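Topology and contacts: notes
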Amino acid sequence: MRETLKDLDYVLETTEPDKVKQALLQHPKMTETIGAGDTKVSVELDIGIKISVDFRLVEPKSYATTLHHFTGSKEHNIKMRQLAKKRDQKISEYGVEEENGTMHHFQTETEFFRFFDLPFIPPEVRVDGTEVERITEETRFLSLDDIRGDLHMHTTWSDGAYSIEEMIQANVQKGYDYMVITDHGKFLRVANGLDEERLQKQQAEIRRIAEKYPEIDVYSGVEMDILTDATLDFSDETLQNLDFVIASIHSGFSQTEEEIMARLKMAAENPYVRLIAHPTGRVIGRREPYAVNVPELIRLASETGTALELNANPERLDLKAEHLEMATKAGVKIAINTDAHDTKHLDFMELGVRAGIKGWLTKADVLNALSKEAFRAFIEKKK
Ligand SMILES: [Zn+2]
Ligand SMILES: [Zn+2]
């Protein structure tokens with residue numbers, strides 16, 4: 001799974017390729033036919049943006065190997081082909097061929113991998129070929145079901161679109177055991193950030209509304225700014241009354257590494273900061289990360305027991321995969337959060353989990369995969 005893509009490829013299994021081809025060519029969103037052969041139809045679709053789409057039409061028996069072939073990556077496929085070669089077999093998009101010409105077909109990709117004595121390798125980690133050796137029968141990737149709560153979201157108290165109660169209801173809908181409401185602090189005036197007085201009022205309001213929803217534990221937190229002069233938006237006296245404090249950078253993106261790291265260090269060392277959100281500040285395709293030294297940040301997080309975020313917003317996916325691996329190796333807990341400003345954004349969690357799989361996250365690495373009781377204990381234990 002790459003972070004961005006430029007076209008879409010679909011593999012369609014069919015015993016009637018002509019009929020399927022005609023139907024595809026009449027698709028109402030199609031703006032241009034690029035090519036229409038017996039096994040491949042290439043079109044341009046207008047789905048809000050114009051995008052090239054290839055449809056490959058294959059016989060059902062070849063579906064799994066075709067899917068594997070076009071999913072890639074190229075390096076992963078090379079590695080698999082080398083593996084086959086050692087066994088005098090040949091992988092193609094149609095199946096696996098023996099030297100004597102016998103062709104093996106598979107119902108699923110799982111069966112395909114099993115044929116080579118491998119467990120299923122998720123597409124997210126099919127990257128450079130090393131995954132083929134690294135994966136074992138014991139590898140258990142994180143799954144969406146493992147996520148028991150969302151720890152970063154906004155309401156109408158700052159720049160979110162929905163009220164506290166609407167956000168609680170949406171989280172109940174998700175089947176979560178717990179959630180944390182984390183509106184912006186006072187520094188972010190453009191986002192209607194909360195000052196000490198409103199923060200206190202909001203806490204009381206959260207407590208009042210949460211009583212109606214015993215099925216979910218609702219914690220009050222804040223997303224507090226780490227200011228450009230390496231101080232925090234709130235004093236420790238204010239922070240100590242909150243259940244869960246997130247610190248993040250929304251300003252001074254052009255500062256030097258030394259300045260940025262001084263800010264992050266101070267935040268990590270603060271006794272009330274449990275999580276640093278979107279730790280590098282990148283916005284995919286639009287904004288480079290600020291000058292953060294990620295290995296150093298991971299060391300600070302590990303020393304201070306501060307968690308780091310995998311922000312699941314598709315424009316952020318921050319931390320990225322290689323940094324997630326680095327962090328979990330250092331024993332740093334990762335929180336996968338949607339940073340929802342809208343109830344619909346809660347759905348980003350699925351993307352977050354997939355981005356986490358890309359970084360080989362397991363349930364044990366993830367703070368919000370803790371059970372309801374374990375998360376409550378984490379909140380109560382403090383830092
Ligand atoms: Zn933020
Ligand atoms: Zn946020």
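Everything in this summary refers to the structure shown in the same document.

Analysis parameters
- Residues numbered from 1 in each chain as written.
- Chains lettered and ligands numbered in written order.
- Predicted model: local features only at pLDDT ≥ 70, side-chain atom pairs only at ≥ 80, totals over all residues.
- Heavy atoms only, no water.
- Donors = N, O, S within 2.8 Å, 3.2 Å for Na, K, Ca; no water.
- Tetrahedral: all angles 85-135°; square planar, octahedral: opposite > 155°, others 65-115°.
- Buried < 20%, exposed > 50% of the residue type's maximum accessible area, 1.4 Å probe, protein only.
- 1 Å grid on protein atoms, 1.4 Å probe; cavity = no way out; pocket = protein on both sides within 12 Å on 5 of 7 lines; lining within 4 Å.
- Points joined across faces, edges and corners; volume = space filled by probe spheres on them.
- Nonpolar A, V, L, I, M, F, W, Y, C, P; charged D, E, K, R; others polar.
- Helix = DSSP H or I, 4+ residues; strand = E, 2+ residues; numbered from the N terminus.
- Pairing = 2+ DSSP bridges.
- Phe/Tyr/Trp six-rings, centres within 6.5 Å; stacked < 30°, edge-to-face > 60°.
- Lys NZ or Arg CZ within 6 Å of the ring centre and 35° of its normal.

Binding of the zinc ion (ligand 2) to the protein goes through His152 (NE2), His154 (NE2), Glu223 (OE) and Asp339 (OD), at separations of 2.1 to 2.2 Å. Coordination at the zinc ion (ligand 2) is irregular: its 4 donor atoms span angles of 82 to 171° at the metal. Separating the zinc ion (ligand 2) from the zinc ion (ligand 1) is a gap of 3.5 Å, bridged by Glu223, which donates to each. For His154, a relative accessible area of 0% puts it in the buried group.

Applying the stated rule across the entire model yields 3 cavities of 30 Å³ or more. Forming the walls of the largest cavity are Leu239, Gln240, Leu242, Asp243, Phe244, Val245, Pro271, Tyr272, Arg274, Ile379, Lys382 and Lys383. Its residues placed into classes, the lining of the largest cavity shows 7 nonpolar, 1 polar and 4 charged. Along the wall of the second largest cavity there are 10 residues; nearest its centre are Glu3, Leu317, Ala321, Ala355 and Lys358.

A few words now on the pairing of strand 3 (residues 40-46). Within strand 3, 5 of the 7 residues are buried, which leaves the element mostly enclosed by the surrounding structure. Pairing geometry for strand 2 (residues 30-36) and strand 3, over 5 bridges, is antiparallel. Note that in strand 3 the partner of Glu32 across the bridge is Glu44. What sits between the antiparallel neighbours strand 2 and strand 3 is a turn of 3 residues. Bridge analysis of strand 3 against strand 4 (residues 50-58) gives 7 bridges, and the strand direction is antiparallel. Each residue of the ladder has a partner; that of Lys40, found in strand 4, is Arg56.

Attention now goes to the packing of aromatic side chains. Using the criterion set out here, one finds 14 aromatic pairs in the structure. Here Phe106 and Phe112 contribute two aromatic rings whose centre-to-centre distance is 5.7 Å and whose plane-to-plane angle is 80°, an arrangement assigned as edge-to-face. The pair formed by Phe106 and Phe112 is uniform in burial state, with each residue classed as buried. Centre to centre, the rings of Tyr178 and Phe375 are 4.2 Å apart; their planes meet at 0°, and the pair counts as stacked. Here Tyr178, found in strand 9 (residues 178-184), pairs with Phe375, found in helix 13 (residues 372-381); they are 197 residues apart in sequence, far enough to count as distant. In terms of burial, Tyr178 and Phe375 fall into one category: buried. Taken together through their ring pairs, the aromatic side chains of Phe106, Phe112, Phe113, Phe115, Phe116 and Phe120 make up a single cluster. Above the plane of the ring of Phe253 lies Arg287, whose end atom (NZ or CZ) is 4.1 Å from the centre.

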